[in-house]
Amino acid sequence: MKGIFVALFLALWSLLFTDCLGQASSQLSTVKGTVLLSSNENTIQMRGRYGRAQRSNNSKEAGEKTALIWLESTSVSTSSNPEEPVVLDQKDLSFVPSLLAVRQNGAVRIRNSDPVYHNVFSLSSVKRFDVGRRPKGEYLDITFDKAGVVDVFCDIHSNMRAAIYVMSPNVITWTKVKSGEIFSLDNIEPGRYQLKVFALGYQERSIPIEVSDGESIDTGTLTLNF
(Lines give C-alpha, C1' and ligand atoms only; values in the text may rest on other atoms or scores of the structure.)
Protein backbone atom coordinates (compact mmCIF):
# COMPACT_ATOMS: atom_id res chain seq x y z
CA MET A 1 0.00 0.00 0.00
CA LYS A 2 2.82 2.38 0.89
CA GLY A 3 4.44 1.72 -2.47
CA ILE A 4 1.23 2.70 -4.27
CA PHE A 5 1.07 6.05 -2.46
CA VAL A 6 4.73 6.71 -3.27
CA ALA A 7 4.12 5.91 -6.95
CA LEU A 8 1.10 8.20 -7.09
CA PHE A 9 3.06 10.99 -5.40
CA LEU A 10 5.94 10.66 -7.86
CA ALA A 11 3.58 10.63 -10.82
CA LEU A 12 1.79 13.76 -9.61
CA TRP A 13 5.07 15.52 -8.91
CA SER A 14 6.31 14.63 -12.39
CA LEU A 15 3.20 16.13 -14.01
CA LEU A 16 3.50 19.35 -12.01
CA PHE A 17 7.20 19.63 -12.77
CA THR A 18 6.62 19.12 -16.51
CA ASP A 19 3.86 21.75 -16.52
CA CYS A 20 6.08 24.23 -14.71
CA LEU A 21 8.88 23.63 -17.21
CA GLY A 22 6.44 24.24 -20.06
CA GLN A 23 5.31 27.52 -18.54
CA ALA A 24 8.87 28.59 -17.82
CA SER A 25 9.92 27.88 -21.42
CA SER A 26 7.02 29.93 -22.81
CA GLN A 27 8.35 33.06 -24.50
CA LEU A 28 6.54 36.29 -25.24
CA SER A 29 6.50 37.69 -28.76
CA THR A 30 7.08 40.93 -30.65
CA VAL A 31 5.07 42.61 -33.39
CA LYS A 32 6.93 45.24 -35.38
CA GLY A 33 6.71 47.12 -38.65
CA THR A 34 6.82 50.54 -40.30
CA VAL A 35 4.00 53.07 -40.68
CA LEU A 36 4.02 55.34 -43.71
CA LEU A 37 1.58 58.22 -44.04
CA SER A 38 0.90 59.18 -47.66
CA SER A 39 1.69 62.75 -48.66
CA ASN A 40 -0.96 65.31 -49.50
CA GLU A 41 -0.27 68.99 -50.08
CA ASN A 42 -3.81 69.96 -49.14
CA THR A 43 -4.53 71.15 -45.64
CA ILE A 44 -6.85 69.16 -43.40
CA GLN A 45 -10.48 70.05 -43.90
CA MET A 46 -12.71 70.34 -40.87
CA ARG A 47 -16.02 71.76 -39.79
CA GLY A 48 -16.27 74.76 -37.52
CA ARG A 49 -18.34 74.76 -34.39
CA TYR A 50 -21.23 76.47 -36.12
CA GLY A 51 -21.08 74.42 -39.32
CA ARG A 52 -18.77 76.73 -41.29
CA ALA A 53 -16.07 75.01 -43.33
CA GLN A 54 -12.60 75.80 -42.02
CA ARG A 55 -9.04 74.84 -42.83
CA SER A 56 -6.39 73.63 -40.44
CA ASN A 57 -2.76 74.59 -40.86
CA ASN A 58 -1.87 71.50 -38.76
CA SER A 59 -0.22 71.53 -35.38
CA LYS A 60 3.50 70.87 -34.99
CA GLU A 61 2.97 67.19 -34.33
CA ALA A 62 0.54 66.82 -37.21
CA GLY A 63 3.22 68.35 -39.43
CA GLU A 64 5.57 65.62 -38.24
CA LYS A 65 2.95 63.01 -39.25
CA THR A 66 2.63 60.86 -36.16
CA ALA A 67 0.65 57.62 -36.07
CA LEU A 68 -0.89 55.62 -33.25
CA ILE A 69 -0.47 51.82 -33.39
CA TRP A 70 -2.16 49.36 -31.06
CA LEU A 71 -2.91 45.68 -30.63
CA GLU A 72 -6.46 44.63 -29.84
CA SER A 73 -7.36 41.17 -28.57
CA THR A 74 -10.14 39.37 -30.44
CA SER A 75 -11.06 37.04 -27.58
CA VAL A 76 -10.09 38.30 -24.11
CA SER A 77 -10.90 41.60 -22.47
CA THR A 78 -8.24 43.07 -20.22
CA SER A 79 -8.60 45.05 -17.04
CA SER A 80 -6.33 47.76 -15.69
CA ASN A 81 -5.93 49.89 -12.62
CA PRO A 82 -6.95 53.56 -12.73
CA GLU A 83 -4.27 55.69 -14.36
CA GLU A 84 -3.22 59.29 -13.93
CA PRO A 85 -4.86 61.73 -16.39
CA VAL A 86 -3.18 62.03 -19.78
CA VAL A 87 -2.30 65.67 -20.50
CA LEU A 88 -3.53 67.51 -23.60
CA ASP A 89 -1.73 70.86 -23.42
CA GLN A 90 -2.00 74.07 -25.42
CA LYS A 91 1.30 75.70 -26.31
CA ASP A 92 2.16 78.21 -29.04
CA LEU A 93 -1.45 78.07 -30.27
CA SER A 94 -1.20 74.32 -30.88
CA PHE A 95 -2.38 71.18 -29.14
CA VAL A 96 0.50 69.22 -27.61
CA PRO A 97 0.31 66.40 -28.46
CA SER A 98 -2.09 66.59 -31.38
CA LEU A 99 -2.70 62.84 -31.15
CA LEU A 100 -2.99 60.95 -27.88
CA ALA A 101 -4.50 57.77 -26.48
CA VAL A 102 -6.38 57.13 -23.25
CA ARG A 103 -7.90 53.92 -21.97
CA GLN A 104 -11.70 53.76 -21.74
CA ASN A 105 -12.94 55.28 -18.45
CA GLY A 106 -9.64 57.14 -18.19
CA ALA A 107 -9.26 60.93 -17.98
CA VAL A 108 -7.56 63.58 -20.10
CA ARG A 109 -6.33 66.74 -18.40
CA ILE A 110 -6.93 69.63 -20.81
CA ARG A 111 -4.50 72.35 -19.79
CA ASN A 112 -3.71 75.81 -21.11
CA SER A 113 -0.03 76.80 -21.04
CA ASP A 114 -0.44 79.72 -23.46
CA PRO A 115 -0.58 83.36 -22.30
CA VAL A 116 -3.93 83.70 -24.10
CA TYR A 117 -7.39 82.26 -23.62
CA HIS A 118 -8.41 78.96 -25.20
CA ASN A 119 -11.81 77.30 -25.36
CA VAL A 120 -11.38 73.59 -26.05
CA PHE A 121 -14.41 71.57 -27.13
CA SER A 122 -15.61 68.51 -29.01
CA LEU A 123 -18.88 67.68 -30.76
CA SER A 124 -17.91 64.02 -31.32
CA SER A 125 -20.51 61.36 -30.64
CA VAL A 126 -17.99 59.43 -28.54
CA LYS A 127 -17.62 62.35 -26.12
CA ARG A 128 -19.15 65.81 -26.32
CA PHE A 129 -17.64 68.45 -24.04
CA ASP A 130 -16.74 72.12 -23.68
CA VAL A 131 -14.16 73.26 -21.11
CA GLY A 132 -15.09 76.95 -21.53
CA ARG A 133 -12.74 79.92 -21.83
CA ARG A 134 -9.68 79.25 -19.68
CA PRO A 135 -6.59 81.39 -19.13
CA LYS A 136 -2.99 80.26 -18.72
CA GLY A 137 -2.42 77.71 -15.96
CA GLU A 138 -6.00 76.43 -15.73
CA TYR A 139 -7.06 72.89 -16.60
CA LEU A 140 -10.04 70.57 -16.54
CA ASP A 141 -10.10 66.76 -16.35
CA ILE A 142 -12.50 65.03 -18.78
CA THR A 143 -13.39 61.34 -18.37
CA PHE A 144 -14.01 59.25 -21.50
CA ASP A 145 -16.41 56.34 -20.98
CA LYS A 146 -16.86 55.25 -24.62
CA ALA A 147 -14.26 53.88 -27.04
CA GLY A 148 -13.52 55.63 -30.33
CA VAL A 149 -12.09 58.81 -31.83
CA VAL A 150 -12.77 62.21 -30.30
CA ASP A 151 -11.97 65.22 -32.52
CA VAL A 152 -10.91 68.25 -30.48
CA PHE A 153 -10.89 71.92 -31.49
CA CYS A 154 -10.49 75.39 -30.02
CA ASP A 155 -13.46 77.71 -30.41
CA ILE A 156 -11.14 80.75 -30.39
CA HIS A 157 -8.34 79.53 -32.69
CA SER A 158 -9.82 77.69 -35.69
CA ASN A 159 -6.43 76.35 -36.84
CA MET A 160 -6.07 74.13 -33.74
CA ARG A 161 -7.05 70.48 -34.01
CA ALA A 162 -6.29 67.32 -32.05
CA ALA A 163 -7.58 63.77 -31.76
CA ILE A 164 -8.07 61.68 -28.62
CA TYR A 165 -8.34 57.95 -29.26
CA VAL A 166 -10.21 56.20 -26.46
CA MET A 167 -8.97 52.60 -26.28
CA SER A 168 -11.45 49.79 -25.57
CA PRO A 169 -10.77 47.42 -22.63
CA ASN A 170 -9.45 44.66 -24.90
CA VAL A 171 -6.57 46.79 -26.22
CA ILE A 172 -3.38 45.09 -25.05
CA THR A 173 -0.81 47.79 -25.74
CA TRP A 174 -0.12 50.80 -27.96
CA THR A 175 2.65 53.07 -29.12
CA LYS A 176 3.13 56.16 -31.29
CA VAL A 177 5.73 56.81 -34.00
CA LYS A 178 6.46 59.27 -36.78
CA SER A 179 5.83 58.38 -40.40
CA GLY A 180 8.63 56.16 -41.69
CA GLU A 181 9.73 55.03 -38.23
CA ILE A 182 9.75 51.40 -37.05
CA PHE A 183 7.32 50.51 -34.28
CA SER A 184 7.70 47.59 -31.88
CA LEU A 185 5.03 46.09 -29.62
CA ASP A 186 6.80 43.80 -27.15
CA ASN A 187 5.89 41.15 -24.58
CA ILE A 188 2.85 39.91 -26.53
CA GLU A 189 1.28 36.64 -25.45
CA PRO A 190 0.28 34.06 -28.09
CA GLY A 191 -3.16 34.64 -29.57
CA ARG A 192 -5.18 36.32 -32.29
CA TYR A 193 -5.24 40.10 -32.50
CA GLN A 194 -6.17 43.05 -34.66
CA LEU A 195 -3.29 45.43 -35.34
CA LYS A 196 -4.73 48.92 -35.85
CA VAL A 197 -3.18 52.16 -37.06
CA PHE A 198 -4.62 55.68 -36.87
CA ALA A 199 -3.29 59.14 -37.71
CA LEU A 200 -4.92 62.55 -37.62
CA GLY A 201 -6.58 63.22 -40.98
CA TYR A 202 -6.02 59.67 -42.30
CA GLN A 203 -8.20 56.58 -42.68
CA GLU A 204 -7.81 54.04 -39.91
CA ARG A 205 -6.36 50.69 -40.92
CA SER A 206 -6.75 47.24 -39.33
CA ILE A 207 -5.08 43.92 -40.12
CA PRO A 208 -5.42 40.51 -38.39
CA ILE A 209 -2.35 39.19 -36.56
CA GLU A 210 -1.85 35.68 -35.16
CA VAL A 211 1.00 35.47 -32.67
CA SER A 212 2.74 32.20 -31.82
CA ASP A 213 4.93 31.47 -28.82
CA GLY A 214 8.24 33.36 -28.95
CA GLU A 215 7.56 34.70 -32.44
CA SER A 216 8.82 37.95 -33.93
CA ILE A 217 6.32 39.23 -36.51
CA ASP A 218 7.31 41.88 -39.04
CA THR A 219 4.25 43.41 -40.72
CA GLY A 220 6.36 45.29 -43.25
CA THR A 221 5.27 48.79 -44.27
CA LEU A 222 1.70 49.80 -43.44
CA THR A 223 0.55 52.78 -45.53
CA LEU A 224 -2.28 55.07 -44.45
CA ASN A 225 -4.13 57.20 -46.99
CA PHE A 226 -6.44 60.18 -46.66
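Everything here concerns the structure above.
What counts as what
Residues numbered from 1 in each chain as written. Predicted model: local features only at pLDDT ≥ 70, side-chain atom pairs only at ≥ 80, totals over all residues. Heavy atoms only, no water. Pairing = 2+ DSSP bridges. Helix = DSSP H or I, 4+ residues; strand = E, 2+ residues; numbered from the N terminus. Axes fitted to C-alpha atoms, helices over the stretch in contact; angles between N-to-C directions. Salt bridge = Lys/Arg side-chain N within 4 Å of Asp/Glu carboxyl O. Buried < 20%, exposed > 50% of the residue type's maximum accessible area, 1.4 Å probe, protein only.

Caption draft 1: Main features of the sheet that holds strand β16 (residues 191-198). The strand order across the open sheet formed by 4 strands is β14-β4-β16-β17, and the pairing between neighbours is antiparallel. One side of each edge strand has no neighbouring strand; the edge strands of this open sheet are β14 (171-178) and β17 (205-211). Here the average twist between neighbouring strands, direction ignored, is 20°. In this sheet, β16 lies alongside strand β4 (residues 66-73) in antiparallel orientation, the contact comprising 6 bridges. Among the inter-strand pairings, glutamate 72 is bridged to a residue of β16, identified as glutamine 194.

Caption draft 2: Seen up close, the pattern of salt bridges. The tally for this structure, following the rule as stated, stands at 6 salt bridges. Of the charged contacts in the structure, one is a salt bridge between lysine 196 and glutamate 72, with a shortest N-O distance of 3.5 Å. Note that lysine 196 is positioned in strand β16 and glutamate 72 in strand β4, a separation of 124 residues in sequence. Per residue, the accessibility class of lysine 196 equals that of glutamate 72, and both read buried. As a salt-bridge pair, aspartate 89 and arginine 111 come within 3.1 Å of each other at their nearest N and O atoms. Linking aspartate 89 in strand β5 (residues 86-91) with arginine 111 in strand β8 (residues 106-112), this pair joins segments that are 22 residues apart in sequence. Exposure remark for arginine 111: the relative accessible area of 30% places this residue in the partly exposed category.

The values are spatial; any link to function lies outside them.
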